[in-house]
Amino acid sequence: MHRLLSGALSTEKLIVKIPNLPLSLAGLKLVQMSDFHYDNGLLSEKMLTEAIAISNAAKPDLVILTGDYVNSIAKPIHQLALRLKKLESRYGTYAVLGNHDICYPNSKSEIIEALTKVDINVLWNKIAYPVGKELPLVGLADVYSREFNPEPIMNQLDSTTPRIVLSHNPDTAEILQKWRVDLQLSGHSHGGQIVIPGLGPAVIYYIKTVKKIPKKILRKLPFLRKTHSVLRHWEWSEGLHQVGHNQLYVNRGLGTYYPGRLFCPPEVTIITLQEHPASVKQACL
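Computed from a predicted model, the values in this text were never measured in an experiment.

In this section: the overall build of the protein. When you go through the protein residue by residue, the secondary structure sums to 10 helices and 14 strands. Scored against the burial criterion, the 285 residues of the protein give a buried share of 55%. Expressed as a percentage of contacts within the protein between residues at least 6 apart in sequence, the contacts between residues at least 24 apart total 74%.

Structure follows, in C-alpha cells:
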C-alpha cells in the first residue's frame, strides 16, 4: 500500500465510560486493530510492524482484532498470523471475522485455524470472559453470514452485566439496540477511505447525489448502489457514536482497497475503560 495514498499511521486514544463497571476493572486498557487486508500489497510490512510496536508499547490488558484479515483467498492469513503472534497483552488477543474472511467455502475454517494456532481467540457467536465474569466479551458472526443471529448469544447475559461486543460491520449497532451494549467495536468502513477535510467521508455526499437519480434509471446502473451494500450507516464510518443507549466505536482499519485512502489515515486505537459517573452516584445513594 503506497504511503501517499494511505497516509501515516495514526494512534487514536480515547476513554470510554461504562455504567456499573467494577472498580477493579476501571483503567482496563484495550488496543483495537481492524481490516488488515493482508494480500496484494494492500498493507505494507512496515506499517504492520509499526502497528504491532504501538500496541505492545501501550502495554494493553486486551488486544481486539475486528476482522478482514485477507482480501480474497485465505492463504495470506498464515503469514499474517505469524506477525500477529508478536502482539503482547495481559489477558490475550481476541478476534472476530469480517466479510472478506468468509468469501470462499473454506476461508472461515482456515482463518480461524491459523489464528488459533498463534493463540488468538476467535469468537464466532461466542462469549468469552478474559477479565472475569464481570465484563463478558461477545464476538458475533459477520452480518453477511447466515450464522449471524445475535439473539441467542445476547440473551445469555443478564441485563445488569456490562459487556463489550465485537462485530465487524458497524451497521449491526442498529440491530443490537435491543440489548445492552456498553461498547461495540467494529471496523469494515475503512473510515470511508476518501475524506473531504472538514466535511467527512466523500461517500456520504456521493450517496446524496445517487438518491436524486430516478429509480427507473438507477435500476439500470447497479454499480451506483454498491455503497449501500458495503454500509448503510456511513455516518458511523469512524470514531465513537451513541446508538440509542449503546456506544459504538468504528476503527478506520490498517489496510485498504482500490482506490486507496485520501485524508483518511489508518489507525491503531487505544481505549481505556472507566466507570460512568452516574453509576458511582447511584451506588452512593
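That was the structure; now back to the text.
What follows deals with the sheet that holds strand β13 (residues 246-250). The mixed open sheet is built from 6 strands, whose spatial order is β6-β7-β8-β9-β13-β12. What marks the edges here is a single partner per strand, and that holds for β6 (126-128) and β12 (239-243). Taking each pair of neighbouring strands and ignoring which way they run, the sheet shows an average axis angle of 20°.

We now examine the confidence of the model for the protein. Scored by pLDDT, the protein comes out at a mean of 90, with 88% of its residues at no less than 70. Per-element mean pLDDT across the protein ranges from 50 in helix α10 (residues 277-284) up to 99 in strand β3 (residues 62-66). Considering only residues more than four positions removed or in separate chains, one finds that residues 280-285, a stretch of pLDDT under 50, has 1 contact.

In terms of burial, strand β14 (residues 267-275) is a largely internal element, 8 of the 9 residues being buried. As paired strands, strand β2 (residues 29-33) and β14 are joined by 4 bridges and run antiparallel to one another. Across the sheet, V31 pairs through a bridge with I270, a residue of β14.

Before going further, it helps to spend a moment on the pattern of salt bridges. All chains considered together, the criterion is met by 8 salt bridges. Here the salt bridges do not stand alone but share partners, grouping E12, E238, R252 and E267 into one network.

This part takes up the sheet that holds β2. Consider a sheet: its strands pair through backbone hydrogen bonds, and that pairing is either parallel or antiparallel. The sheet built from 6 strands is open, its strands ordered β1-β14-β2-β3-β4-β5 with mixed pairing. Every interior strand has two partners, whereas the edge strands, β1 (10-18) and β5 (120-122), have only one. Each adjacent strand pair in this sheet contributes to an overall mean axis angle of 25°, direction not counted. Judged from the 4 bridges that link them, β2 and β3 form a sheet pairing that is parallel. Bridge assignment links V31 to a residue of β3, and that residue is V63. Where helix α2 (residues 45-57) meets the sheet, it contacts β1, β2, β3 and β14, and its direction lies at approximately 170° from that of β2.

To continue, consider the packing of aromatic side chains. Taken as a whole and judged by the stated rule, the model has 1 aromatic pair. Relative to Y69, the ring of F36 lies with its centre 5.7 Å away and its plane at 20°, an arrangement referred to as stacked. Residue F36 is located in the loop between β2 and α2, and its partner Y69 is located in the loop between β3 and α3 (77-84); the two are separated by 33 residues in the primary sequence. Classification of F36 by relative accessible area gives buried; the value is 0%.

The next subject is the packing of α3 against helix α4 (residues 107-117). At their nearest, the axes of α3 and α4 sit 9 Å apart, and the two run at 25° to each other. Judged by the angle between their axes, α3 and α4 are roughly parallel. Seen from above, α3 lies across α4 with right-handed handedness. Contact residues: α3 offers I77, H78, A81 and L84, while α4 offers E110, I111, A114 and L115.

Let us now look at the pairing of β12. Both β12 and β13 contribute to a ladder of 5 bridges, which runs antiparallel. Note that in β13 the partner of V243 across the bridge is N246. Counted between consecutive antiparallel strands, the loop separating β12 from β13 contains 2 residues, among which G244 sits at a positive phi close to 65°.

The rules we used
- Residues numbered from 1 in each chain as written.
- Predicted model: local features only at pLDDT ≥ 70, side-chain atom pairs only at ≥ 80, totals over all residues.
- Heavy atoms only, no water.
- Helix = DSSP H or I, 4+ residues; strand = E, 2+ residues; numbered from the N terminus.
- Buried < 20%, exposed > 50% of the residue type's maximum accessible area, 1.4 Å probe, protein only.
- Contact = heavy atoms within 4.5 Å.
- Pairing = 2+ DSSP bridges.
- Axes fitted to C-alpha atoms, helices over the stretch in contact; angles between N-to-C directions.
- pLDDT = per-residue confidence, 0-100.
- Salt bridge = Lys/Arg side-chain N within 4 Å of Asp/Glu carboxyl O.
- Phe/Tyr/Trp six-rings, centres within 6.5 Å; stacked < 30°, edge-to-face > 60°.
- Parallel < 35°, antiparallel > 145°, perpendicular 65-115°, else oblique.
- Left-handed = near helix turned anticlockwise from the far one by under 90°.

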